[in-house]
Amino acid sequence: GINFKVDEGGVAKIRQIRIVGARAFEEEDLLDEMQLTTPGWLTWYTKNDQYSRQKLSADLETLRSFYLNQGYLDFNIDSTQVSITPDKKDIYITLSITEGEKYTVSDVKLAGNMVLPEAELQKLVKLKAGETFVRDDVTATTKAISDRLGNEGYAFANVNAAPEVDKVKREVAFTFFVDPGRRVYVRKISFAGNARTRDEVLRREIRQMEGAWYDGAAINRSKVRLDRLGYFEDVAIE
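Since this is a predicted model, take the numbers as computed values, not measurements.

**Q** What is the right way to read the packing of aromatic side chains from this model?
**A** Aromatic ring pairs are defined here through the distance separating the ring centres and the angle between the ring planes. The tally for this structure, following the rule as stated, stands at 11 aromatic pairs. Each ring, one from Tyr-185 and one from Trp-213, has its centre 6.5 Å from the other, and the planes form 85°; the classification is edge-to-face. Of this pair, Tyr-185 sits in the loop between strand 6 (171–179) and helix 6 (199–203) while Trp-213 sits in the loop between helix 6 and helix 7 (216–228), and the two are 28 residues apart along the sequence. Among the residues examined, Trp-213 registers a relative accessible area of 43% and is labelled partly exposed. Members of the aromatic cluster, connected to one another through ring pairs, are Phe-25, Phe-66, Tyr-67, Tyr-72 and Phe-75. Its end group placed over the ring of Trp-213, Arg-183 keeps NZ or CZ at 4.1 Å from the ring centre.

**Q** Teacher, can you tell me more about the sheet that holds strand 4 (residues 104–112) here?
**A** Spatial strand order, 4-6-5: 3 strands in an open sheet with mixed pairing. Two strands lie at the open edges of the sheet, namely strand 4 and strand 5 (158–166), each paired on one side alone. Going across the sheet, the axis of each strand differs from the next one's by a mean of 20°, ignoring polarity. The strands touched by helix 5 (residues 135–150) are strand 4, strand 5 and strand 6; relative to strand 6, the strand with the most contacts, the crossing angle is about 20°.

**Q** Is there a simple way to explain a negative patch on the surface in this structure?
**A** A surface patch of negative charge is lined by Glu-26, Glu-28, Asp-29, Asp-32 and Glu-33. As for its placement among the helices and strands, Glu-33 is situated in helix 1 (residues 27–33).

**Q** What should I look at first to understand the environment of Leu-124 in this one?
**A** Positionally, Leu-124 belongs in the loop between helix 4 (118–122) and helix 5. Residues Leu-124 and Thr-142 lie 18 residues apart in sequence; the distance between their C-alpha atoms is 8.9 Å. The residues contacting Leu-124, other than those within four sequence positions of it, are Thr-141, Ala-144, Ile-145 and Arg-148.

**Q** Explain unusual backbone geometry to me, please; I cannot follow it from the model alone.
**A** Apart from glycine, the bulk of residues carry a negative phi angle, and the bulk of peptide bonds sit in the trans form. The backbone phi angle of Lys-47 is positive, close to 60°, even though this residue is not glycine. Its location among the elements puts Lys-47 in the loop between helix 2 (43–46) and helix 3 (53–68). According to the relative accessible area criterion, Lys-47 is partly exposed, its value standing at 39%. The phi torsion at Val-115 lies on the positive side, around 65°, for a residue other than glycine.

**Q** Would you mind going over the sheet that holds strand 1 (residues 13–20) with me for this structure?
**A** By definition, the strands of a sheet pair up through backbone hydrogen bonds, in either a parallel or an antiparallel sense. The 3 strands lie next to each other as 1-3-2, forming an open sheet whose pairing is mixed. With partners counted over all chains shown, the strands left at the sheet margins are strand 1 and strand 2 (76–84), one partner each. When strand polarity is set aside, the average angle formed by the axes of neighbouring strands in this sheet is 15°. Strand direction decides the pairing type here: strand 1 and strand 3 (residues 90–98), joined by 7 bridges, are parallel. Looking at strand 3, one finds that Ile-19 is bridged to Leu-95. Running over the sheet, helix 3 touches strand 1, strand 2 and strand 3 and is turned about 30° from strand 3.

Rules of the game
- Residues numbered from 1 in each chain as written.
- Predicted model: local features only at pLDDT ≥ 70, side-chain atom pairs only at ≥ 80, totals over all residues.
- Heavy atoms only, no water.
- Phe/Tyr/Trp six-rings, centres within 6.5 Å; stacked < 30°, edge-to-face > 60°.
- Helix = DSSP H or I, 4+ residues; strand = E, 2+ residues; numbered from the N terminus.
- Buried < 20%, exposed > 50% of the residue type's maximum accessible area, 1.4 Å probe, protein only.
- Lys NZ or Arg CZ within 6 Å of the ring centre and 35° of its normal.
- Pairing = 2+ DSSP bridges.
- Axes fitted to C-alpha atoms, helices over the stretch in contact; angles between N-to-C directions.
- Contact = heavy atoms within 4.5 Å.
- Patch = residues over 30% accessible without salt bridge, like charges linked within 9 Å, V, L, I, M, F, W, Y side chains within 5 Å.
- Areas by Shrake-Rupley, 256 points an atom, 1.4 Å probe, with all protein chains shown as cover.
- Salt bridge = Lys/Arg side-chain N within 4 Å of Asp/Glu carboxyl O.
- Lys, Arg positive; Asp, Glu negative; His and termini not counted.
- Charge placed at Lys NZ, Arg CZ, Asp CG, Glu CD.

Given below as C-alpha coordinates:
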(Lines give C-alpha, C1' and ligand atoms only; values in the text may rest on other atoms or scores of the structure.)
Protein backbone atom coordinates (compact mmCIF):
# COMPACT_ATOMS: atom_id res chain seq x y z
CA GLY A 1 0.00 0.00 0.00
CA ILE A 2 0.89 3.64 -0.28
CA ASN A 3 0.90 5.93 2.76
CA PHE A 4 0.49 9.68 2.33
CA LYS A 5 2.00 11.84 5.07
CA VAL A 6 0.28 15.23 5.16
CA ASP A 7 1.77 18.18 7.00
CA GLU A 8 -0.86 20.92 7.11
CA GLY A 9 1.47 23.50 8.63
CA GLY A 10 0.21 26.57 10.50
CA VAL A 11 -2.81 28.61 9.48
CA ALA A 12 -2.03 31.80 7.58
CA LYS A 13 -3.36 34.92 9.32
CA ILE A 14 -4.43 38.23 7.81
CA ARG A 15 -1.76 40.76 8.79
CA GLN A 16 -3.14 43.78 6.96
CA ILE A 17 -6.24 44.95 5.06
CA ARG A 18 -5.92 48.16 3.08
CA ILE A 19 -8.70 50.11 1.34
CA VAL A 20 -7.23 52.40 -1.30
CA GLY A 21 -9.41 55.23 -2.63
CA ALA A 22 -11.50 55.95 0.49
CA ARG A 23 -12.02 59.68 0.95
CA ALA A 24 -15.55 60.26 2.24
CA PHE A 25 -15.05 57.81 5.13
CA GLU A 26 -12.10 56.85 7.32
CA GLU A 27 -10.43 53.60 6.25
CA GLU A 28 -10.75 52.42 9.87
CA ASP A 29 -14.55 52.89 9.85
CA LEU A 30 -14.88 50.95 6.59
CA LEU A 31 -12.76 48.10 8.00
CA ASP A 32 -15.13 47.95 10.99
CA GLU A 33 -17.96 47.13 8.55
CA MET A 34 -16.10 44.03 7.35
CA GLN A 35 -16.02 40.51 8.79
CA LEU A 36 -12.42 39.77 7.82
CA THR A 37 -9.96 41.37 10.19
CA THR A 38 -6.44 41.18 11.56
CA PRO A 39 -5.83 38.97 14.64
CA GLY A 40 -7.50 40.23 17.83
CA TRP A 41 -8.72 38.95 21.18
CA LEU A 42 -11.88 37.36 19.71
CA THR A 43 -10.51 36.00 16.43
CA TRP A 44 -9.41 32.69 17.99
CA TYR A 45 -13.14 31.99 18.18
CA THR A 46 -14.56 33.76 15.08
CA LYS A 47 -11.64 32.74 12.77
CA ASN A 48 -12.24 36.06 10.99
CA ASP A 49 -8.46 36.57 10.82
CA GLN A 50 -8.25 33.57 8.45
CA TYR A 51 -8.79 34.37 4.78
CA SER A 52 -11.78 32.85 2.99
CA ARG A 53 -13.06 33.76 -0.45
CA GLN A 54 -16.70 33.56 0.73
CA LYS A 55 -16.06 36.00 3.60
CA LEU A 56 -14.24 38.40 1.29
CA SER A 57 -17.14 38.28 -1.22
CA ALA A 58 -19.60 39.01 1.61
CA ASP A 59 -17.40 41.90 2.80
CA LEU A 60 -17.25 43.41 -0.70
CA GLU A 61 -21.07 43.30 -0.84
CA THR A 62 -21.22 44.90 2.63
CA LEU A 63 -18.96 47.74 1.48
CA ARG A 64 -21.05 48.21 -1.67
CA SER A 65 -24.25 48.39 0.42
CA PHE A 66 -22.60 50.79 2.87
CA TYR A 67 -21.77 53.26 0.10
CA LEU A 68 -25.05 52.80 -1.83
CA ASN A 69 -26.98 53.54 1.35
CA GLN A 70 -25.06 56.82 1.78
CA GLY A 71 -25.89 58.11 -1.70
CA TYR A 72 -22.80 56.91 -3.61
CA LEU A 73 -24.59 55.58 -6.68
CA ASP A 74 -21.41 55.24 -8.80
CA PHE A 75 -19.42 53.36 -6.14
CA ASN A 76 -17.17 50.69 -7.61
CA ILE A 77 -14.67 48.12 -6.36
CA ASP A 78 -11.91 48.35 -8.98
CA SER A 79 -9.70 45.49 -7.78
CA THR A 80 -9.03 43.10 -4.92
CA GLN A 81 -5.53 41.78 -4.29
CA VAL A 82 -4.77 38.93 -1.91
CA SER A 83 -1.09 38.08 -1.41
CA ILE A 84 0.65 35.64 0.94
CA THR A 85 4.24 35.81 2.21
CA PRO A 86 6.68 33.12 1.02
CA ASP A 87 6.62 31.41 4.44
CA LYS A 88 2.80 31.04 4.04
CA LYS A 89 2.17 32.73 7.40
CA ASP A 90 0.91 36.22 6.56
CA ILE A 91 -1.82 37.38 4.19
CA TYR A 92 -2.17 40.94 2.89
CA ILE A 93 -5.41 42.16 1.32
CA THR A 94 -5.72 45.38 -0.70
CA LEU A 95 -9.05 46.69 -2.00
CA SER A 96 -9.04 49.53 -4.55
CA ILE A 97 -12.29 51.48 -4.67
CA THR A 98 -13.77 54.45 -6.53
CA GLU A 99 -16.33 56.23 -4.39
CA GLY A 100 -17.85 58.46 -7.06
CA GLU A 101 -20.19 61.29 -6.11
CA LYS A 102 -23.09 61.49 -3.67
CA TYR A 103 -26.55 61.57 -5.31
CA THR A 104 -29.83 63.17 -4.28
CA VAL A 105 -33.27 61.83 -5.24
CA SER A 106 -34.88 64.34 -7.65
CA ASP A 107 -38.25 62.68 -8.28
CA VAL A 108 -40.23 59.49 -7.56
CA LYS A 109 -43.07 58.30 -9.78
CA LEU A 110 -45.37 55.28 -10.01
CA ALA A 111 -46.39 53.76 -13.34
CA GLY A 112 -48.12 50.67 -14.71
CA ASN A 113 -51.33 48.98 -13.65
CA MET A 114 -51.60 50.01 -10.02
CA VAL A 115 -54.94 48.28 -9.23
CA LEU A 116 -55.26 50.35 -6.03
CA PRO A 117 -55.53 54.17 -5.86
CA GLU A 118 -52.14 55.74 -6.62
CA ALA A 119 -52.32 57.86 -3.44
CA GLU A 120 -52.50 54.66 -1.37
CA LEU A 121 -49.42 53.14 -3.02
CA GLN A 122 -47.60 56.48 -2.83
CA LYS A 123 -47.72 56.20 0.98
CA LEU A 124 -45.62 53.04 0.71
CA VAL A 125 -42.78 54.81 -1.14
CA LYS A 126 -39.80 55.22 1.20
CA LEU A 127 -37.71 57.41 -1.15
CA LYS A 128 -38.34 61.15 -0.88
CA ALA A 129 -37.42 63.83 -3.41
CA GLY A 130 -34.68 66.12 -2.07
CA GLU A 131 -33.18 63.45 0.19
CA THR A 132 -29.94 61.50 -0.22
CA PHE A 133 -30.28 58.32 -2.30
CA VAL A 134 -30.50 55.18 -0.10
CA ARG A 135 -30.52 51.82 -1.89
CA ASP A 136 -32.34 50.05 0.97
CA ASP A 137 -35.24 52.50 0.52
CA VAL A 138 -35.63 51.32 -3.10
CA THR A 139 -35.73 47.67 -2.02
CA ALA A 140 -38.14 48.43 0.85
CA THR A 141 -40.47 50.30 -1.55
CA THR A 142 -40.69 47.47 -4.12
CA LYS A 143 -41.35 44.99 -1.29
CA ALA A 144 -44.01 47.16 0.39
CA ILE A 145 -45.94 47.67 -2.86
CA SER A 146 -45.68 43.94 -3.80
CA ASP A 147 -46.87 42.94 -0.32
CA ARG A 148 -49.79 45.39 -0.45
CA LEU A 149 -50.94 44.00 -3.81
CA GLY A 150 -50.47 40.50 -2.37
CA ASN A 151 -53.09 41.36 0.25
CA GLU A 152 -55.56 42.08 -2.58
CA GLY A 153 -55.16 38.69 -4.27
CA TYR A 154 -52.26 39.55 -6.58
CA ALA A 155 -49.95 36.78 -5.36
CA PHE A 156 -47.43 37.25 -8.19
CA ALA A 157 -47.25 41.05 -8.31
CA ASN A 158 -44.00 42.43 -9.65
CA VAL A 159 -42.57 45.91 -8.95
CA ASN A 160 -39.44 47.15 -10.74
CA ALA A 161 -37.52 50.32 -9.95
CA ALA A 162 -36.05 52.13 -12.99
CA PRO A 163 -33.49 54.86 -12.20
CA GLU A 164 -32.83 57.90 -14.39
CA VAL A 165 -29.42 59.30 -13.52
CA ASP A 166 -28.27 62.88 -14.09
CA LYS A 167 -24.49 62.78 -13.63
CA VAL A 168 -24.07 66.54 -14.02
CA LYS A 169 -26.57 67.51 -11.31
CA ARG A 170 -25.76 64.35 -9.29
CA GLU A 171 -29.42 63.52 -9.07
CA VAL A 172 -31.40 60.33 -9.62
CA ALA A 173 -35.13 59.98 -10.39
CA PHE A 174 -36.98 56.71 -9.90
CA THR A 175 -40.04 55.26 -11.60
CA PHE A 176 -41.59 52.22 -9.94
CA PHE A 177 -43.32 50.11 -12.58
CA VAL A 178 -46.17 48.07 -11.10
CA ASP A 179 -47.26 44.82 -12.75
CA PRO A 180 -49.93 43.16 -10.57
CA GLY A 181 -50.12 39.96 -12.61
CA ARG A 182 -53.32 37.93 -12.40
CA ARG A 183 -55.53 37.98 -9.34
CA VAL A 184 -55.69 34.53 -7.80
CA TYR A 185 -57.98 32.88 -5.29
CA VAL A 186 -57.26 30.04 -2.91
CA ARG A 187 -59.12 26.90 -3.90
CA LYS A 188 -57.89 24.56 -1.18
CA ILE A 189 -55.72 24.56 1.93
CA SER A 190 -54.16 21.27 2.97
CA PHE A 191 -51.67 20.19 5.64
CA ALA A 192 -48.75 17.76 5.48
CA GLY A 193 -46.33 16.48 8.12
CA ASN A 194 -48.73 16.79 11.08
CA ALA A 195 -48.53 13.18 12.27
CA ARG A 196 -49.95 13.77 15.77
CA THR A 197 -52.07 16.90 15.33
CA ARG A 198 -55.49 16.77 13.67
CA ASP A 199 -56.20 19.00 10.67
CA GLU A 200 -59.12 20.69 12.48
CA VAL A 201 -56.77 21.95 15.23
CA LEU A 202 -54.52 23.56 12.59
CA ARG A 203 -57.40 24.86 10.48
CA ARG A 204 -58.63 26.93 13.45
CA GLU A 205 -55.41 28.99 13.23
CA ILE A 206 -55.69 29.69 9.49
CA ARG A 207 -56.70 33.25 8.59
CA GLN A 208 -56.90 32.68 4.82
CA MET A 209 -60.29 31.41 3.69
CA GLU A 210 -60.73 28.70 1.06
CA GLY A 211 -62.61 30.00 -2.00
CA ALA A 212 -61.51 33.58 -1.20
CA TRP A 213 -58.99 35.88 -2.87
CA TYR A 214 -55.36 35.20 -1.93
CA ASP A 215 -54.34 37.44 1.01
CA GLY A 216 -50.59 37.59 1.68
CA ALA A 217 -50.99 39.22 5.10
CA ALA A 218 -53.57 36.62 6.22
CA ILE A 219 -51.26 33.81 5.10
CA ASN A 220 -48.33 35.30 7.06
CA ARG A 221 -50.56 35.62 10.16
CA SER A 222 -51.58 31.98 9.70
CA LYS A 223 -47.94 30.88 9.68
CA VAL A 224 -47.20 32.89 12.84
CA ARG A 225 -50.20 31.31 14.61
CA LEU A 226 -49.13 27.79 13.60
CA ASP A 227 -45.59 28.51 14.85
CA ARG A 228 -47.01 29.73 18.19
CA LEU A 229 -48.79 26.43 18.78
CA GLY A 230 -45.33 25.09 19.59
CA TYR A 231 -46.09 21.65 18.14
CA PHE A 232 -43.77 21.90 15.16
CA GLU A 233 -40.06 22.27 14.54
CA ASP A 234 -40.71 24.16 11.33
CA VAL A 235 -43.75 25.54 9.49
CA ALA A 236 -43.32 26.16 5.76
CA ILE A 237 -46.00 27.43 3.38
CA GLU A 238 -45.92 26.55 -0.30
